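What follows is the residue order along each chain.
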Amino acid sequence: MSSPAQVAVLTRPEGRNEALAGRLADAGWAARILPALEIHSLDVPAAQLPRPADFDMVVFVSGNAAKQYLGQLAAAHGAAPWPDGVIAATVGPASAQALRVLAAFGANTTVLHPGDDAPSHDSEALWAVLGRLPALPGRVLLVRGTQGRDWLGDQLQAHGVAVTRHAAYLRRPAVWDAEALEALRGWADAGIFATWLITSGEGADAVRANLEDAGLASWWRQCRFVLTHPSLARRVPPACDGASAPAMVKICLPNDESIFQAFVAA
């Protein structure tokens, strides 16, 4: 059997890679799904769980953050619709769509997010959207994982907003099994250098740790990368080793269409 000419490794959390893998396969790529991080729900006592009705706006860092938080609410208080008048906000159209398909969000729920034409889909882009409101909300709940950027929360606080941060889930580095590592070694032995999808700094570090443990660090340094934020260039070769030359990277927005186009252009 001949070796594939183009291989992609998709590292987003479980359940978020399948459609993209199918599109890449149709375009002639061999796609391997290897989540870099595992998502673990957190049990929070009902008395300690912030409720959306106590805030003017709830900001979700991702669609997964919304799913995990609503799961916590349902476990503590039972399933309930999103309270009227409480704005939901998130960092981009893909995350907004992930919110809208959740049963708790009704058709009348306001979901603020950067548009398809925004230069980025991140905290900075959402801050620009919030800056166009007549006034900032007085009380904001920021739903995220146990780790993450504090930039948006800091900006809101600096402008007089009362911000409550809530961790709805824990992200842990995934440890890849022997079968997955053998597939990567096969590509390395054949001189085939994968193009990796990297969507977070924690994910980049987890990928690198798996490959270093498997003795594939030198191969990793010769691979290509599709990144969903410019800041991630610091976390992939050669920048992660302190070299000044730019890595072989494509930067794109964090939605399937943009990622697919970045791969086929790589």
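The shown structure was predicted, so the numbers you read here are calculated from the model rather than taken from an experiment. (Residues numbered from 1 in each chain as written. Predicted model: local features only at pLDDT ≥ 70, side-chain atom pairs only at ≥ 80, totals over all residues. Heavy atoms only, no water.)

(A) Quick peek at the overall build of the protein chain. What the protein chain contains, in helices and strands, is nine helices and 11 strands. Along the first, second and third principal axes, the C-alpha set of the protein chain runs to 60 × 35 × 35 Å. Expressed as a percentage of its 266 residues, the buried residues of the protein chain come to 44%. Once local pairs closer than 6 in sequence are excluded, the contacts in the protein chain between residues at least 24 apart make up 67%. (Helix = DSSP H or I, 4+ residues; strand = E, 2+ residues; numbered from the N terminus. Buried < 20%, exposed > 50% of the residue type's maximum accessible area, 1.4 Å probe, protein only. Contact = heavy atoms within 4.5 Å.)

(B) Just the sheet that holds strand β8 (residues 162-173), in detail. Taken in spatial order, the six strands line up as β3-β8-β7-β4-β5-β6 in an open sheet, and their pairing is mixed. The outermost strands of the open sheet, each flanked by one partner alone, are β3 (37-41) and β6 (111-112). Along the sheet, helix α5 (residues 151-158) contacts β4 (57-60), β7 (139-145) and β8; its crossing angle with β8, the most-contacted strand, is approximately 175 degrees. (Pairing = 2+ DSSP bridges. Axes fitted to C-alpha atoms, helices over the stretch in contact; angles between N-to-C directions.)

(C) Looking closely at the layout of surface pockets. One number sums up the size of the second largest pocket: a volume of about 330 Å³. Lining the second largest pocket are 17 residues, and of these L73, G78, A79, A80 and P81 sit closest to its centre. Among the residues making up the lining of the second largest pocket, the classes are represented as 13 nonpolar, three polar and one charged. (1 Å grid on protein atoms, 1.4 Å probe; cavity = no way out; pocket = protein on both sides within 12 Å on 5 of 7 lines; lining within 4 Å. Points joined across faces, edges and corners; volume = space filled by probe spheres on them. Nonpolar A, V, L, I, M, F, W, Y, C, P; charged D, E, K, R; others polar.)

(D) The sheet that holds strand β9 (residues 195-198), seen in detail. Read across the sheet, five strands follow the order β2-β1-β9-β10-β11 without closing on themselves; strand pairing throughout is parallel. Sheet topology places β2 (30-33) and β11 (249-251) at the edges, where each strand pairs with a single neighbour. When strand polarity is set aside, the average angle formed by the axes of neighbouring strands in this sheet is 20 degrees. Pairing analysis gives four bridges linking strand β1 (residues 7-10) to β2, with the strands arranged parallel. Residue V7 lies in a different strand from β2, and its bridge partner there is A30.

(E) Up close: the environment of V86. Residue position: V86 is located in the loop between α2 (63-77) and β5 (87-90). With 25 residues separating them in the primary sequence, V86 and V111 have C-alpha atoms 9.5 Å apart. Excluding residues within four positions of it along the chain, V86 makes contact with P52, A53, F55, D56, M57, V58 and T109.

(F) Focus on the packing of helix α1 (residues 18-26) against helix α9 (residues 256-265). Axis separation between α1 and α9 bottoms out at 10 Å; the angle between their running directions is 35 degrees. Here α1 and α9 pass one another in a crossing that is right-handed. For the pair formed by α1 and α9, the contact residues are A19, L20, R23 and L24 on the first element and D256, E257, I259, F260 and F263 on the second. Taken together, the residues that form the contact of α1 with α9 break down as six nonpolar, no polar and three charged. (Left-handed = near helix turned anticlockwise from the far one by under 90°.)

(G) The UniProt feature "domain: Tetrapyrrole biosynthesis uroporphyrinogen III synthase" (unreviewed entry) in the protein chain, seen in detail. According to UniProt, the feature "domain: Tetrapyrrole biosynthesis uroporphyrinogen III synthase" (unreviewed entry) maps to residues 19-235 in the numbering used here. Counted over residues 19-235, helix gives 35% and strand 21%. Its end C-alpha atoms are 26 Å apart. (UniProt positions renumbered as here; feature names shortened; annotations may be inferred.)

(H) Summary view of the pairing of β9. In β9, alternate side chains face the same way, and those of T195 and L197 on one face and W196 and I198 on the other are all buried. Strand direction decides the pairing type here: β1 and β9, joined by three bridges, are parallel. Counted as the bridge partner of V9 is W196 from β9. Strand direction decides the pairing type here: β9 and strand β10 (residues 224-227), joined by four bridges, are parallel. Among the inter-strand pairings, W196 is bridged to a residue of β10, identified as F225.

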